[in-house]
Amino acid sequence: MKKVKLTRRLTAAFTLIREGKTVADIGTDHAYLPIALVTEGKCKKAYASDVGKGPLERAKENIAQYGFGDKIETVLTDGAAYFDGIADEFVIAGMGGELIYRIISQAPFLKNKEIHMVLQPMTKVPFLREALLKDGFFIEKEALVKEDGKIYTVMSVYFDGVQRSITPLDALVGNVSDAIEDGNAKLMCDLISLLVHDLDNRIYGKREAGEDTSDENTLRRKLTELRSRLNENM
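We now turn to the structure provided with this report. (Residues numbered from 1 in each chain as written. Predicted model: local features only at pLDDT ≥ 70, side-chain atom pairs only at ≥ 80, totals over all residues. Heavy atoms only, no water.)

## Concerning unusual backbone geometry
With a phi close to 60°, Asp29 is a non-glycine residue in the positive phi region. Summarising the element assignment, Asp29 is placed in the loop between β1 (22-26) and α2 (32-39). Note on Asp29: relative accessible area 31%, which makes it partly exposed. (Helix = DSSP H or I, 4+ residues; strand = E, 2+ residues; numbered from the N terminus. Buried < 20%, exposed > 50% of the residue type's maximum accessible area, 1.4 Å probe, protein only.)

## Points about the packing of aromatic side chains
Following the criterion strictly, the structure yields eight aromatic pairs and no others. Ring geometry for Tyr82 against Phe83: centres 5.1 Å apart, planes inclined by 80°, an arrangement best described as edge-to-face. Three or more aromatic residues link up through ring pairs in this structure, and these residues are Tyr47, Tyr82, Phe83, Phe90 and Phe109. The ring of Phe14 has Lys42 sitting right over it, with the charged end atom 4.7 Å from the ring centre. (Phe/Tyr/Trp six-rings, centres within 6.5 Å; stacked < 30°, edge-to-face > 60°. Lys NZ or Arg CZ within 6 Å of the ring centre and 35° of its normal.)

## Let's talk about the sheet that holds β1
Through backbone hydrogen bonds, the strands of a sheet pair up, either in parallel or in antiparallel fashion. The sheet built from seven strands is open, its strands ordered β3-β2-β1-β4-β5-β7-β6 with mixed pairing. Each edge of the open sheet carries a strand with a single partner, namely β3 (72-76) and β6 (137-147). In this sheet, neighbouring strand axes are inclined to one another by 15° on average, regardless of whether the strands run parallel or antiparallel. (Pairing = 2+ DSSP bridges. Axes fitted to C-alpha atoms, helices over the stretch in contact; angles between N-to-C directions.)

## Topic: the environment of Ala107
One can find Ala107 in the loop between α4 (97-105) and β5 (116-121). When the C-alpha positions of Ala107 and Asn231 are compared, they lie 42 Å apart, and in sequence the two are 124 residues distant. Ignoring any residue separated from it by four or fewer positions in sequence, one finds Ala107 in contact with Ala80 and Ala81. (Contact = heavy atoms within 4.5 Å.)

## Looking at the pairing of strand β7 (residues 150-159)
Within β7, nine of the 10 residues are buried, leaving the element largely enclosed by the surrounding structure. As defined by bridge partners, β5 adjoins β7 across three bridges and the pair is classed as antiparallel. Its bridge partner lying in β7, Val118 is registered against Ser156. As paired elements, β6 and β7 share 10 bridges and run antiparallel to each other. In the sheet register, Lys141 faces β7, and the bridge partner there is Ser156. Hairpin connection between β6 and β7: a loop of two residues separates the two successive antiparallel strands, and Asp148 in this loop has a positive phi of roughly 55°.

## Some details on α4
Along α4, the residues that are buried comprise Gly97, Ile100, Tyr101, Ile103 and Ile104. Projected down its long axis, α4 shows its buried positions confined to an angular sector of 155°, all on one face. Residues of α4 that are buried make contact with β1, β4 (89-95), β5, α5 (125-134) and β6. (Arc of directions from axis to C-beta.)

## Points about the pairing of strand β2 (residues 45-50)
Among the six residues in β2, five count as buried, and that is most of the element. Pairing geometry for β1 and β2, over five bridges, is parallel. Pairing of Ile26 across the sheet is with Ser49, part of β2. Examined bridge by bridge, β2 and β3 share five bridges and lie parallel to one another.

## A word on the environment of Ala143
Within the element layout of this structure, Ala143 appears in strand β6. Judged by relative accessible area, Ala143 falls into the buried class, the value being 13%. Put simply, Ala143 and Tyr158 are 15 residues apart on the chain and 15 Å apart in space, counted from C-alpha to C-alpha. The contact partners of Ala143, leaving out residues within four places of it in the chain, are Tyr152, Thr153, Val154 and Asp182.

Dropping the structure here:
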């Protein structure tokens, strides 16, 4: 059987998913990830869900093409609430960090130590990190990937009920040690450069408005110092 070709973002998500679980792919679009999971035998049962009828029809067509109608069920639904007690592995990928957190916060059953989530925010990554940690989740692993010239973060997340705080620096860059262990120190440096650029724009805007920029300058200094240390060790 021909394997489905996953993007780098979805490949990273595939890698982080636990084997032998029932997977719910929230916002599945074409259902490529559930198809890959079943093809490779990583899961026996999967749900491909989406809020849009159009994407779900494409998902159904792809699932039928691979003959997985008995192993992948499509669900037209908004969020994760439908899967309470059905799935124990959740993928929420390809949407903004604020929307991802809204989906999680509207599904209290996800606060379960037996449930694992793989999250891939397109935007608002620092917000998502901070919100998850404050709400009793912990980020076990982060993976950096570059796709179409952009750098994305993919997170492996569990719940343990411990509320945590995070520094502004860590909220921005995430787990640097994961990037180093994965051989992605250069990619982390590239990400930091982008963050510094965004911070420079913010500093300029606040200066023009006559506002204090001391916090931004401190954060910028910490980012550049971190980038220098990473460059020295590459």
